[in-house]
Amino acid sequence: MADKLTLEVITPDGFTFTETVDELTAPGTVGEFGVLPGHASFITTLVSGQIIYKIGSVSKAITVESAYFQVSNDHVLILADSAELTQ
């Protein structure tokens, strides 16, 4: 089991983002959920909102418009209609 996750966000207009993170939370269609390293594989959909991810004790965010979300082998892939880094 890895101690980090690889977070990858891709949009149709060419926005791509890749970061190694410690954990994240996402706005699922049936509620917010969290992912830690070693999480079981699954695929779901996201509503528009913020992906909050942590690197150490620092929290950062990406705002996404409706998206597909997949986690497998400590790799999180988000295919979003649009995405923007939030400060």
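Only a predicted model underlies this, so the values are computations on that prediction, with no experimental measurement involved.

Here we look at the nonpolar core
- Counting residues in each nonpolar core, the largest one holds 21 residues, and the members touching the most others are Leu7, Leu24, Ile62, Phe69 and Ile78.
- When residues of this core are traced back to their parent elements, those giving at least two are strand E1 (5-10), strand E2 (16-21), strand E3 (23-28), strand E4 (31-35), strand E6 (49-55), strand E7 (58-72) and strand E8 (75-86).
- The biggest single contributor to this core is E7, with 5 residues.
- Filtering out sequence-adjacent residues up to four positions away, Leu7 remains in contact with Phe17, Thr18, Glu19, Val21, Leu24, Tyr53, Ile62, Val76 and Ile78.

Remarks on the environment of Val47
- Here Val47 shows up in the loop between strand E5 (42-46) and E6.
- Among the residues examined, Val47 registers a relative accessible area of 36% and is labelled partly exposed.
- Spatially, the C-alpha atom of Val47 lies 27 Å from that of Asp3, the residues being 44 residues apart in sequence.
- When residues no more than four places from it in sequence are discounted, the contact partners of Val47 are Pro27, Gly28, Thr29, Val64 and Ser66.

Comments concerning the packing of aromatic side chains
- Here the structure, examined in full by the defined rule, presents 4 aromatic pairs.
- Here Phe33 and Phe69 contribute two aromatic rings whose centre-to-centre distance is 5.0 Å and whose plane-to-plane angle is 85 degrees, an arrangement assigned as edge-to-face. Residue Phe33 is found in strand E4, and its partner Phe69 is found in strand E7; the two are separated by 36 residues along the sequence.
- For Phe69, a relative accessible area of 1% puts it in the buried group.

Considering the side chain of Thr11
- Residue placement: Thr11 occurs in the loop between E1 and E2.
- Not counting residues within four places of it along the chain, the set of residues in contact with Thr11 comprises Ala80, Asp81, Ser82 and Ala83.

A look at the pairing of E1
- Where burial is concerned, the two faces of E1 differ: the one with Leu5, Leu7 and Val9 is buried and the one with Thr6, Glu8 and Ile10 is not.
- For E1 and E8, the ladder comprises 5 bridges, and the chain directions are parallel. Each bridged residue has a counterpart across the sheet, and for Glu8 the counterpart in E8 is Leu77.

Concerning the pattern of salt bridges
- In the structure shown here, the tally under the stated rule is 1 salt bridge.
- In this structure, the salt-bridge partner of Asp22 is Lys4, at a minimum N-O distance of 2.6 Å. With Asp22 in the loop between E2 and E3 and Lys4 in the segment before E1, this pair connects stretches of sequence that are 18 residues apart.
- What makes Asp22 buried here is its relative accessible area of 19%.
- Using a relative accessible area of 34% as the deciding quantity, one classes Lys4 as partly exposed.

The rules we used
Residues numbered from 1 in each chain as written. Predicted model: local features only at pLDDT ≥ 70, side-chain atom pairs only at ≥ 80, totals over all residues. Heavy atoms only, no water. Core = buried A, V, L, I, M, F, W, Y, C linked by side-chain atoms within 4.5 Å. Buried < 20%, exposed > 50% of the residue type's maximum accessible area, 1.4 Å probe, protein only. Helix = DSSP H or I, 4+ residues; strand = E, 2+ residues; numbered from the N terminus. Contact = heavy atoms within 4.5 Å. Phe/Tyr/Trp six-rings, centres within 6.5 Å; stacked < 30°, edge-to-face > 60°. Pairing = 2+ DSSP bridges. Salt bridge = Lys/Arg side-chain N within 4 Å of Asp/Glu carboxyl O.

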